[in-house]
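# Secondary and tertiary structure notes
These are the residues of each chain, in order.
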Amino acid sequence: MSFRALFVSLALAAFACGGGARYVGGEFRDGDVRFTVQPPSGWRAISVASANDLAWSQDDAGAVLQINGDCDPSLDIPLVALTNHLLVGFTARQIGEQTLVEIDGREALLIHVVAKLDGVPRELLLHVMKKNGCTYDFALVAPPGERFAQARASYDVVLQSFETR
């Protein structure tokens, strides 16, 4: 399975915003979704038919990192349900760490999963948070083991730099 196909599957499961998005100077804007984030060093920006807000690929490691945001204050969906939605399409799931952490001053649910997508093993780190009527999800998807561990350092930098506007 290609990394683009992997990303499309993940992006379709995410709560994404449509066209009109702009990412300039570290600031993302699309309607009510506004945030700043430091892009991962050495990763290539990718786009999949407006299915994601921001995404990067690390081709040599086979890793994809993505961020999505959606603002609809009328939706009050629990973090667990939002996180489970991101796992649609993944099979043979082995849930590892699942805990609450802080991102941008708000509680976020972290889940670490090893699963298969179309029979291909993948390791995922997902974070979902809600802030000011918006939902944000973050994902790192990579081949399990060492390549995932190497990509996680970049993912952690992106998470630490994230701030809503």
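Structure first, text after, so check above.
Residues numbered from 1 in each chain as written. Predicted model: local features only at pLDDT ≥ 70, side-chain atom pairs only at ≥ 80, totals over all residues. Heavy atoms only, no water.

This brings us to helix H2 (residues 79-86). Taken together, the buried positions of H2 are Leu79, Leu82, Thr83 and Leu86. Burial along H2 is one-sided: seen end-on, the buried residues are contained in an arc of 100°. (Buried < 20%, exposed > 50% of the residue type's maximum accessible area, 1.4 Å probe, protein only. Helix = DSSP H or I, 4+ residues; strand = E, 2+ residues; numbered from the N terminus. Arc of directions from axis to C-beta.)

With that settled, consider the sheet that holds strand S6 (residues 63-71). The seven strands lie next to each other as S4-S5-S6-S10-S9-S8-S7, forming an open sheet whose pairing is antiparallel. Each edge of the sheet is formed by a strand with only one pairing partner; in this case those strands are strand S4 (44-46) and strand S7 (90-103). The sheet shows a mean angle of 20° between the axes of neighbouring strands, taken without regard to direction. With eight bridges joining them, S6 and strand S10 (residues 134-142) adopt antiparallel strand pairing. Its bridge partner being in S10, Asn68 is matched across the sheet by Asp137. Strand contacts of H2: S7, strand S8 (106-117), strand S9 (120-131) and S10, with the helix running at about 145° to S9, the strand carrying the most contacts. (Pairing = 2+ DSSP bridges. Axes fitted to C-alpha atoms, helices over the stretch in contact; angles between N-to-C directions. Contact = heavy atoms within 4.5 Å.)

Turning our eyes to something else, we now look at the side chain of Thr135. Relative to the helices and strands, Thr135 is located in strand S10. Relative accessible area serves as the criterion here: at 14%, Thr135 is assigned to the buried category. Residues contacting Thr135, with those up to four places away along its chain left out, are Asn68, Gly69, Asp70, Leu82, Val128, Met129 and Lys130.

So, about the packing of aromatic side chains. According to the stated counting rule, one finds six aromatic pairs in the structure shown. For the pair Phe35 and Tyr136, a centre-to-centre distance of 6.1 Å together with 90° between the ring planes defines the contact as edge-to-face. Of this pair, Phe35 sits in strand S3 (residues 33-36) while Tyr136 sits in strand S10, and the two are 101 residues apart along the sequence. For the pair Phe35 and Tyr136, a shared accessibility class is recorded, and that class is buried. Considering the side-chain rings of Tyr136 and Phe162, the 5.3 Å spacing of their centres and the 65° angle between planes classify their relative orientation as edge-to-face. In this pair, Tyr136 sits in strand S10 while Phe162 sits in the loop between helix H3 (146-161) and strand S11 (163-164), placing the two residues 26 residues apart along the sequence. Under the relative-accessibility criterion, Tyr136 is labelled buried at 3%. Of the aromatic side chains, those joined through ring pairs into one cluster are Phe28, Phe35, Tyr136, Phe138 and Phe162. (Phe/Tyr/Trp six-rings, centres within 6.5 Å; stacked < 30°, edge-to-face > 60°.)

Located in the positive-phi region is Asp104, a residue other than glycine, with phi close to 50°. The residue Asp104 is located in the loop between S7 and S8 in this model. The backbone phi angle of Asn132 is positive, close to 50°, even though this residue is not glycine. Its place among the elements puts Asn132 in the loop between S9 and S10.

All right, on to the nonpolar core then. Note that soluble globular proteins tend to have their nonpolar side chains buried in a common cluster. Phe35, Val37, Ile67, Tyr136, Phe138, Leu140 and Phe162 are the most contacted members of the largest nonpolar core, which has 28 residues in total. Of all the secondary-structure elements, those providing two or more residues to this core are S3, strand S5 (54-58), S6, S8, S9, S10 and H3. Each residue touching Phe162, except ones within four places of it in the same chain, is listed here: Phe35, Thr36, Val37, Ile67, Ile103, Asp104, Met129, Tyr136 and Phe138. Formed by 15 residues, the second largest nonpolar core is a distinct cluster that contains Leu79, Leu87, Leu109 and Ala115. (Core = buried A, V, L, I, M, F, W, Y, C linked by side-chain atoms within 4.5 Å.)

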